[in-house]
Amino acid sequence: MNSIDGLSPPGSAMDRPSRSELAGLWILDPNCVFLNHGSFGATPTFIREEQRKWQDLLEEEPVRFYEDLAMKFMEDSRKALATMLECDAEDLALIENATSGVNTVMRSLRFNEGDEILVPDHAYQACRNTLDFVTQRWGAKIVTVNIPFPIEGQHVIIERIMAGVTPRTVLAMVDTVTSPTGLLMPFEEITAKLEGVGVSVLLDAAHGIGMVPLSLDSLGASYTTSNCHKWLCAPKGSAFLHVRKDKQENIHPLTISHGMTFPLGDTTRFRHEFDWTGTRDISAHCALPATIEFMAGLVDGGWPSIMQHNHELAIKGRNILCEALGIDAPCPDEMIACISTLILPQDGATNGIPLHEPDPLHAVLQAKYGIQVPVWSWPSPQGRYIRISAQIYNSEDEYRYLAYALKKELSV
Ligand SMILES: Cc1ncc(COP(=O)(O)O)c(C=O)c1O
C-alpha cells in the first residue's frame, strides 16, 4: 500500500495494513491497527514469558523468594536501570507506575500556606489531580503555565515556565513528553534553570525511559519518575522513582512498612523503606534486566537506534497525516519524540466535548477500521486532538491507512 488513494475500502482483516517485520514478537491483535503504544505500552512475548519465569520461581518457594532472593533481584534491576539512566542505583526506587511516583513525592513533602507550585497546562490529568489534592490540604497554590499549541519552538516553553516563577515558587512538575499534545519538552534546560533558582523539579517522565535519553545524575532534577511499561516495553506495573540524594530524607513510600524502623546497617532509610512496601508481585521489576537487553538486541545500535527509529517513524507518520488532511504540523520536528499530536478540525458537535467523554471519532475509527488511536478534546490549550505513536512494530502503511480513514470520516 503506497498511496492513500490506492487503498481499497477497509472492511475485513485482509484490508489491514501490515506491521513491521518485528511485529511478530508481540501478540498484538492482527485485526487491530495499533497506533497507541503511548497509553499503556505493549510487551513482547519473550518478556511476558520472562516475567512468568519470575512468578514461577516465587511460587516454588515463596518464603525463600521474598526473604532470601528478592532484595538481590531488585538490586540487579535497579543496576540495569541505573546503567541506562546514568545514575546511582541506590537513588532508584522500584514502584508500580508514574502516577504513584508523583503521589509519592507530593504526599511526602510539606508545604507552607502560599507556597506556589508550577505546572504547565499540558500536564497529565491524574498527576495534576495529585497536585490539586495536596496543595488544597496545605493551603499552597497551583500556578498553571499556559503553553500554546501550535507552538513555534522550545524557547516558548522555557520563557513561559520561567516567567511563572516567583519568590514563592517551591516546586514545578514538568513532563519529559506531554500526554495530550505529545510535545518533547526542553526538560534538561528547564530543570537546570529551575533547580538553579532553588525550585525543585518533579519530572514526570512517564514517557521517558526508552523514548528519550535520560541522564539523571547530570540532569539534576530533585525527583524523576518514569514508566518502564510504556517505551521500555516492560511488563505492566514497572516504573521507577529517582530521588536526588539530598532529597531522600523527606521522601517516603506511599505505604509505610517495616523499612521505617528496620536497623539501618550499611544502607539508607530510603533504601529500606522503598525496598519493602509489603508483599507484592515484583515479577515485572525482576524482568527489567532481560527487558532492557532483549529490546536492545532487536535493532542494530540498541536503545539509541530504537529511539531514533521511533522518532523518525513518528515524523513520517505525522507528515503522511498532515499531507492527507491538508493541515499543518503544530510544532517543529525536534519537538516530538515517538508520539505526535495533530489538531483536528472542529465543528459544532465536536467543539467542547468534555475531557472525560470519548470523541465519537475514536469509536468510529475502532469499529469501522479497526484502528486504535486516541482522539480527545483538551480544555487548555483548547483543541480536538489525535495522537499517533510510533514503536518498532509499526509501519508507515499503518499511518497511510489512518490517513485514508480520517479523510473519509472527516470528509476532507
Ligand atoms: C505524562 C504522563 N504522566 C503520567 C502518566 C500516568 O502513567 P501511569 O498510568 O502508568 O501511572 C501518563 C500516562 O499516560 C502520562 O502520559
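Cut-off values and rules
Residues numbered from 1 in each chain as written. Predicted model: local features only at pLDDT ≥ 70, side-chain atom pairs only at ≥ 80, totals over all residues. Heavy atoms only, no water. Helix = DSSP H or I, 4+ residues; strand = E, 2+ residues; numbered from the N terminus. Pairing = 2+ DSSP bridges. Axes fitted to C-alpha atoms, helices over the stretch in contact; angles between N-to-C directions. Parallel < 35°, antiparallel > 145°, perpendicular 65-115°, else oblique. Left-handed = near helix turned anticlockwise from the far one by under 90°. Contact = heavy atoms within 4.5 Å. Bend = angle between axes of the 7 residues up to and from the residue. Buried < 20%, exposed > 50% of the residue type's maximum accessible area, 1.4 Å probe, protein only. Polar contact = N/O pair within 3.5 Å; in protein donor to acceptor, adjacent residues only side chain to side chain. Near = heavy atom within 4 Å. Areas by Shrake-Rupley, 256 points an atom, 1.4 Å probe, with all protein chains shown as cover. Salt bridge = Lys/Arg side-chain N within 4 Å of Asp/Glu carboxyl O. Phe/Tyr/Trp six-rings, centres within 6.5 Å; stacked < 30°, edge-to-face > 60°. Domains from an automatic or database assignment. Buried area = accessible area lost by both parts, 1.4 Å probe. Nonpolar A, V, L, I, M, F, W, Y, C, P; charged D, E, K, R; others polar.

### Considering the environment of Gln-346
Stage number 1. Following the sequence through the fold, Gln-346 ends up in the loop between β9 (339–343) and α13 (360–369).
Stage number 2. Separated by 31 residues in the primary sequence, Gln-346 and Ser-377 place their C-alpha atoms 9.7 Å from one another.

### Side note on the sheet that holds strand β11 (residues 375–378)
Stage number 1. Spatial strand order, β9-β12-β11: 3 strands in an open sheet with antiparallel pairing. This sheet does not close on itself; its edge strands, each paired only once, are β9 and β11. Between one strand axis and the next, the sheet turns through 35° on average, direction left out of account.
Stage number 2. Here β11 runs beside strand β12 (residues 383–389); their pairing, made up of 4 bridges, is antiparallel. The residue bridging Ser-377 from the neighbouring strand is Arg-384, located in β12.

### Describing the packing of α13 against helix α14 (residues 396–410)
Stage number 1. Close contact between α13 and α14 brings their axes to 11 Å; oriented N to C, the two are set at 120°. The pairing of α13 with α14 is recorded here as oblique in orientation. Where α13 crosses over α14, the two elements pack in a sense that is right-handed. Touching Leu-361, Val-364, Leu-365, Lys-368 and Tyr-369 of α13 are Tyr-401, Leu-402, Tyr-404, Ala-405, Leu-406, Lys-408, Glu-409 and Leu-410, all from α14.

### Here's the deal with helix α3 (residues 62–85)
Each α-helix turn comprises 3.6 residues. Residues three or four places apart therefore point the same way.
Stage number 1. The largest bend along α3 reaches roughly 60° and is located at Leu-69.
Stage number 2. Within the span of α3, buried status applies to Phe-65, Tyr-66, Ala-70, Phe-73, Met-74, Ser-77, Arg-78, Ala-80, Leu-81, Ala-82, Met-84 and Leu-85.
Stage number 3. For α3, the N-terminal capping position is held by Glu-61, with its side-chain oxygen 3.1 Å away from the main-chain nitrogen of Val-63.

### Side note on the site of the ligand
Stage number 1. Looking at the ligand, there are 13 residues lining it, with Thr-99, Asp-204, Asn-227, His-229 and Lys-230 nearest.
Stage number 2. One nitrogen or oxygen atom from the side chain of Asp-204 is found 2.7 Å from a nitrogen atom belonging to the ligand.
Stage number 3. At 2.6 Å, a side-chain N or O of Lys-230 approaches an oxygen atom of the ligand.
Stage number 4. Coverage of the ligand by the protein chains reaches 89% of its 400 Å² of free accessible surface.

### A look at the pattern of salt bridges
Stage number 1. Considering all chains together, one arrives at 20 salt bridges under this definition.
Stage number 2. In this structure, Lys-72 and Asp-76 form a salt bridge, with 2.7 Å as the shortest nitrogen-oxygen distance. Of this pair, Lys-72 and Asp-76 both sit in helix α3, 4 residues apart, which is roughly one turn of the helix.
Stage number 3. Given the relative accessible area of 45%, Lys-72 is considered partly exposed.
Stage number 4. As a salt-bridge pair, Arg-280 and Glu-96 come within 2.7 Å of each other at their nearest N and O atoms. With Arg-280 in the loop between α9 (269–275) and α10 (283–286) and Glu-96 in the loop between β2 (92–95) and α4 (98–108), this pair connects stretches of sequence that are 184 residues apart.
Stage number 5. The partly exposed category is assigned to Glu-96, whose relative accessible area is 31%.
Stage number 6. The network of salt bridges with common partners includes Lys-316, Glu-396, Asp-397 and Arg-400.

### With respect to the packing of aromatic side chains
Stage number 1. As enumerated under the stated definition, the model contains 9 aromatic pairs in all.
Stage number 2. Taken together, a centroid distance of 5.4 Å and an interplanar angle of 85° make the contact between Phe-149 and Tyr-385 edge-to-face. Of this pair, Phe-149 sits in the loop between β4 (141–145) and α6 (154–163) while Tyr-385 is found in strand β12, placing the two residues 236 residues apart along the sequence.
Stage number 3. We classify Phe-149 as buried; its relative accessible area is 8%.
Stage number 4. Residue class for Tyr-385 comes out buried when judged on its relative accessible area of 0%.
Stage number 5. A connected cluster of aromatic rings, assembled from ring pairs, spans Trp-54, Phe-65, Tyr-66, Phe-73 and Trp-276.

### Here's the deal with the sheet that holds strand β6 (residues 200–205)
Stage number 1. Pairing in this open sheet of 7 strands is mixed, and the strands run β2-β8-β7-β6-β5-β3-β4 from one edge to the other. Every other strand in the sheet has two partners, leaving β2 and β4 as the edge strands with one partner each. This sheet shows a mean twist of 20° between the axes of neighbouring strands, independent of strand direction.
Stage number 2. In the sheet, β6 pairs with strand β7 (residues 223–227) via 4 bridges, with the strands oriented parallel. Looking at β7, one finds that Ala-205 is bridged to Ser-226.
Stage number 3. Sheet strands in contact with α4 are β2, β3 (116–120), β5 (169–175), β6, β7 and β8 (239–243), and its direction is about 160° off that of β7.

### Details of the domain arrangement of the protein chain
Stage number 1. Domain boundaries in the protein chain define domain 1 (13–44 + 300–410) and domain 2 (49–295).
Stage number 2. Using only C-alpha atoms to locate each centre, domain 1 and domain 2 end up separated by 27 Å.
Stage number 3. Domain 1 puts 36 residues into the contact, and the matching count from domain 2 is 38 residues.
Stage number 4. Across the domain 1 to domain 2 interface the summed buried area is about 3000 Å²; carbon plus sulfur atoms make up 66%.
Stage number 5. For domain 1, the biggest contributors to the area lost against domain 2 are Trp-303, Met-307 and Met-335; these three give 24% of the whole.
Stage number 6. Counting across the domain 1 and domain 2 interface gives 0 salt bridges.
Stage number 7. Split into classes, the residues belonging to the side of domain 1 that touches domain 2 amount to 24 nonpolar, 10 polar and 2 charged.

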